[in-house]
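# Architecture and fold: a report
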Amino acid sequence: MAQKGVQLDRETFSCSICLDLLKDPVAIPCGHSYCMNCIKSFWDEEQKKKTYSCPQCRQTFTPRPVLVKNTMLAVLVEQLKKTGLQAAPADHCYAGPEDVACDVCIGRKMKAFKSCLVCVISYCEQHVRLHYECPAFEKHKLVEPSKKLQENICSRHDEVMKMFCRTDQQSICYLCPVDEHKGHDTVSAAAERTERQRELEVSRQNIQQRIQDREKDVKLLQQEVEAINQSANQTVEHSEKIFTELIHLIQKRSSDVKQQIRSQQETEVSRVKELEEKLEQEITELKRKDAELKQLSHTEDHIQFLHNYPSLSALSESTDSSSINIRPLSYFEDVTAAVSEVRDKLQDILREEWTNISLTVTEVDVLLSQPEPKTRAGFLKYSHEITLDPNTAHPHLLLSDENRKATFMKQQQSYFDHPDKFTGMFQVLSKESLTERCYWEVERKGRVIIAVAYKNISRAWWRNECAFGRNDKSWALDCSKNSYTFWHNNIETPVSGHGSSRVGVYLDHRAGILSFYSVSKTMTLLHRVQTRFTQPLYAGLWFYHNFGDTAGFIKLK
């Protein structure tokens, strides 16, 4: 009650405008009090209306009242400040629907400051003080406010659960081991927490390591994006430059053709004009001669006619016009045809090369490969069933177990002839093509070469052309009794590791990864290849010269 009265006193001496204790308090004619600056500012805003009102009761005053400091109120406010009274809690200190409420508060409840796991009660800042001040509460465990405190109470015995049953993996109270958890593996909740805390730290370390790994991957991808953009920009720039040069070359050739045509036009027109002028002069001369002869023909004096006729009848040499060959609009048609032919050839070249350019662009592919699995269970997610193709099997190989197993036999088998059949090496390929991520295992007895190869590998007798690992169309792991050797393109690579009867093969065709594992209780990496596969691959087996050796693809699913 005393606290409530103090709150009331403080509210009484608070300004309703700033909601704080009065500063330089003044009383206005209606009796309400305000800070001098607060009411002055309020009335300054009302000055345009020329009427002044009380913010609380709305009573108006005309003219504007003169403000005088209320010294008695000022003294009382100062005394209140000296007593150190706490302000009434603001609304945000009270518990809302989403907050944890103090279980001790009466009436409107305050927000909880702490929850006690021993008392199973939540306390506001005021009521929790006893836990800090009284020695009897020293061993109580205070935690952040929780709405789930009742979950710490045993529903069967109504006791606080301080133990953990490892058998049933649940929290229990100290009475539970007497009946329903009797004989179970039980420990204190603190001991179980310590154990789980260790596991949590390990998990956090793993998570933090993965975060670091992923951050590195993100940086790599960002660098990849930058590299892609840079390469694309450079290629666009170079392509534009090349096409611009090509356009300039065509424009230059067009200009050259135009210049040659105009030059030839000028030459031919000049020749024609020269001949035309000669013909015009000859026509003029002939007309003059015709006029003279006409005049002579009208001469009545026979002697004069005979005297003048010889000189007038003689004609000058005529211009030779027999070479004139008129071909209207056809002088440069051959040039047009030649240019058209060039255009057609260029169009054909561009059409053919454009297909190559377009295919080259679409072949750009950033290989964002998934990481290789770390456990056999991870590999088994990509297990792929392999069966052998009888059409490819050498006649000395016997296929069995639904064509999943091959045995090197002394006698030949009665297979039909087929162009895919190996005739030189004791080899066989799978029916299935391998183009995605896949995993398979081979169980062997004796010396067997486990391989992958392109289907177009040679079937001929010549050793290197058809033998797995001895050419650029196959990759092979030679598995002898106690050692391994990897072969590709006739290059031998020694592989460390003890011989195992089972070998796992992992292929990520898109990423160009081929890995061989020794499989026993654990998986041991024998050899990994990073390359670029250009065709679908096929699983293969190659037997040496020991009759009775076998190898089979394990059914993993």
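Only a predicted model underlies this, so the values are computations on that prediction, with no experimental measurement involved.

## What about the overall build of the protein chain?
- Each helix and strand in the protein chain was counted, giving 9 helices and 23 strands.
- In summary, the protein chain has a C-alpha radius of gyration of 54 Å against a globular reference of 24 Å for 557 residues, an excess of more than 25%.
- Taking the intrachain contacts of the protein chain between residues at least 6 apart in sequence as the baseline, contacts between residues at least 24 apart amount to 53%.
- When the accessible surface of the protein chain is split by element, carbon and sulfur atoms take 53% of a total near 38,000 Å².

## Some words on the pairing of strand β17 (residues 484-488)
- Within β17, 4 of the 5 residues are buried, which leaves it mostly tucked inside the rest of the structure.
- Bridge analysis of β17 against strand β18 (residues 491-495) gives 5 bridges, and the strand direction is antiparallel. Of the residues in β18, the one forming a bridge with Y484 is V495.
- Linking β17 back to β18 in an antiparallel pair, the connection comprises 2 residues, with N489 at a positive phi of about 55°.

## So, a nonpolar patch on the surface
- Judged by side-chain polarity, F243, L246, L249, I250, L346, L350, W354, I357 and V361 come together as a nonpolar surface patch covering roughly 800 Å² of accessible area.
- Those elements giving two or more residues to the nonpolar patch turn out to be α5 (189-297) and α7 (333-362).
- Counting residues per element, the nonpolar patch draws most heavily on α7, which supplies 5 residues.
- Along the chain, W354 turns up in helix α7.
- Judged by relative accessible area, which is 54%, W354 ranks as exposed.

## As for the packing of aromatic side chains
- Under the counting rule described, the total for this entry stands at 14 aromatic pairs.
- Note on F305 and Y309: the rings are 5.8 Å apart at their centroids and 20° apart in plane angle, and the pair reads as stacked. Of this pair, F305 and Y309 both sit in helix α6 (residues 302-313), 4 residues apart, which is roughly one turn of the helix.
- By relative accessible area, which is 28% here, F305 ends up partly exposed.
- Above the face of the Y544 ring, R447 is positioned so that its terminal group lies 3.7 Å from the ring centre.
- A cation over a ring is seen here: R470 above W487, with NZ or CZ 3.7 Å from the ring centre.

## Some remarks on the UniProt feature "coiled-coil region" (unreviewed entry) in the protein chain
- Listed under "coiled-coil region" (unreviewed entry) in the UniProt record, and renumbered for this structure, are residues 204-231 and 258-299.
- Structurally, residues 204-231 is divided into 100% helix and 0% strand, and its ends, taken at the C-alpha atoms, are 40 Å apart.
- With 95% helix and 0% strand, residues 258-299 has end C-alpha atoms that lie 61 Å from one another.

## Quick word on the sheet that holds β17
- Strand order in this open sheet of 6 strands is β13-β22-β15-β16-β17-β18, and the pairing throughout is antiparallel. With one partner strand each, in any of the chains shown, β13 (427-429) and β18 form the two edges of the open sheet. Between one strand axis and the next, the sheet turns by 20° as a mean value, whatever way the strands run.
- Here β13 pairs with strand β22 (residues 537-543) via 3 bridges, running antiparallel. Bridge pairing links V428 to L541 in β22.

## Some words on the environment of L399
- Inspection of the secondary structure puts L399 in strand β11 (residues 397-400).
- Sequence spacing of L399 and T550 is 151 residues, and the spatial spacing of their C-alpha atoms is 9.8 Å.
- Among all residues touching L399, those that are not within four sequence positions of it are L388, D389, P390, A393, K405, A406 and Y415.

## Considerations on the pattern of salt bridges
- Scanning the model with the defined rule gives 27 salt bridges in all.
- One salt-bridge network, in which partners are shared between bridges, spans R376, E441, E443 and R502.

## Regarding the nonpolar core
- Judged by nonpolar contacts, the single largest core of 37 residues is most densely connected at W440 and L541.
- F13, L21, C54 and L80 belong to the second-largest nonpolar core, a separate cluster that totals 18 residues.

## Examining the environment of G378
- Position of G378 relative to the elements: it lies in helix α8 (residues 376-380).
- Under the relative-accessibility criterion, G378 is labelled buried at 13%.
- Sequence separation between G378 and R166 is 212 residues, and the spatial gap between their C-alpha atoms is 29 Å.

## Re the sheet that holds strand β10 (residues 186-188)
- If you trace the 3 strands from one edge of the open sheet to the other, you get β9-β8-β10, paired in antiparallel fashion. Edge positions in the sheet fall to β9 (170-172) and β10, since each of these pairs with one other strand and no more. Neighbour to neighbour, the strand axes of the sheet diverge by 35° on average, direction disregarded.

Reading guide: rules and limits
Residues numbered from 1 in each chain as written. Predicted model: local features only at pLDDT ≥ 70, side-chain atom pairs only at ≥ 80, totals over all residues. Heavy atoms only, no water. Helix = DSSP H or I, 4+ residues; strand = E, 2+ residues; numbered from the N terminus. Rg over C-alpha atoms; globule rule 2.2 N^0.38 Å. Contact = heavy atoms within 4.5 Å. Areas by Shrake-Rupley, 256 points an atom, 1.4 Å probe, with all protein chains shown as cover. Buried < 20%, exposed > 50% of the residue type's maximum accessible area, 1.4 Å probe, protein only. Pairing = 2+ DSSP bridges. Patch = residues over 30% accessible without salt bridge, like charges linked within 9 Å, V, L, I, M, F, W, Y side chains within 5 Å. Salt bridge = Lys/Arg side-chain N within 4 Å of Asp/Glu carboxyl O. Phe/Tyr/Trp six-rings, centres within 6.5 Å; stacked < 30°, edge-to-face > 60°. Lys NZ or Arg CZ within 6 Å of the ring centre and 35° of its normal. UniProt positions renumbered as here; feature names shortened; annotations may be inferred. Axes fitted to C-alpha atoms, helices over the stretch in contact; angles between N-to-C directions. Core = buried A, V, L, I, M, F, W, Y, C linked by side-chain atoms within 4.5 Å.

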